[in-house]
Amino acid sequence: MTDQDKQQPIRVQIKDVERLVGVHRQTIWRWYSTGSFPKPHHIGRNRFWILAEVKHWLEEQINAA
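Scoring rules and cut-offs
- Residues numbered from 1 in each chain as written.
- Predicted model: local features only at pLDDT ≥ 70, side-chain atom pairs only at ≥ 80, totals over all residues.
- Heavy atoms only, no water.
- Core = buried A, V, L, I, M, F, W, Y, C linked by side-chain atoms within 4.5 Å.
- Buried < 20%, exposed > 50% of the residue type's maximum accessible area, 1.4 Å probe, protein only.
- Helix = DSSP H or I, 4+ residues; strand = E, 2+ residues; numbered from the N terminus.
- Contact = heavy atoms within 4.5 Å.
- Axes fitted to C-alpha atoms, helices over the stretch in contact; angles between N-to-C directions.
- Parallel < 35°, antiparallel > 145°, perpendicular 65-115°, else oblique.
- Left-handed = near helix turned anticlockwise from the far one by under 90°.
- Expected span 1.5 Å × (residues − 1).

Q: Give me the nonpolar core: which residues, what numbers.
A: Judged by nonpolar contacts, Val12, Ile14, Val17, Val21, Ile28, Phe37, Trp49, Leu51, Val54 and Trp57 together constitute the single largest core of 10 residues. Among the secondary structure elements, those contributing two or more residues to this core are α2 (14-21) and α4 (51-64). With residues near it in sequence (within four places) discarded, phenylalanine 37 still touches Val17, Val21, Ile28, Trp31, Tyr32, Trp49, Val54 and Trp57.

Q: Tell me about the packing of α2 against α4, residues and numbers included.
A: Between α2 and α4, the shortest axis-to-axis distance is 11 Å and the interhelical angle comes to 25 degrees. In terms of orientation, α2 and α4 fall into the roughly parallel class. The interaxial crossing formed by α2 with α4 has right-handed handedness. Contacts from Val17, Leu20 and Val21 in α2 reach Leu51, Val54, Lys55, Trp57 and Leu58 in α4.

Q: Describe in detail α4, supporting the description with residues and values.
A: With 14 residues, α4 ought to run about 20 Å at 1.5 Å a step, and its terminal C-alpha atoms sit 20 Å apart, in line with that. Buried positions along α4 lie against β1 (11-12), α2, α3 (25-33) and β3 (46-50).

Structure (structure tokens):
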């Protein structure tokens with residue numbers, strides 16, 4: 001197992017996703033509900049996104065434009 005494998009993914013909350021993507025949370029939820037945005041993960045009642053997944057999605061959107 002490499003050091004990279006041992007690293008935990010960076011988790012971000014909806015407010016961080018809003019800032020990163022530049023849209024309101026309602027837009028993020030609408031995109032998620034249509035299957036065009038990464039799904040959130042859950043630990044108990046806490047909901048979060050993996051930063052790398054959101055960044056990958058954002059890069060795909062930029063490249064598609």
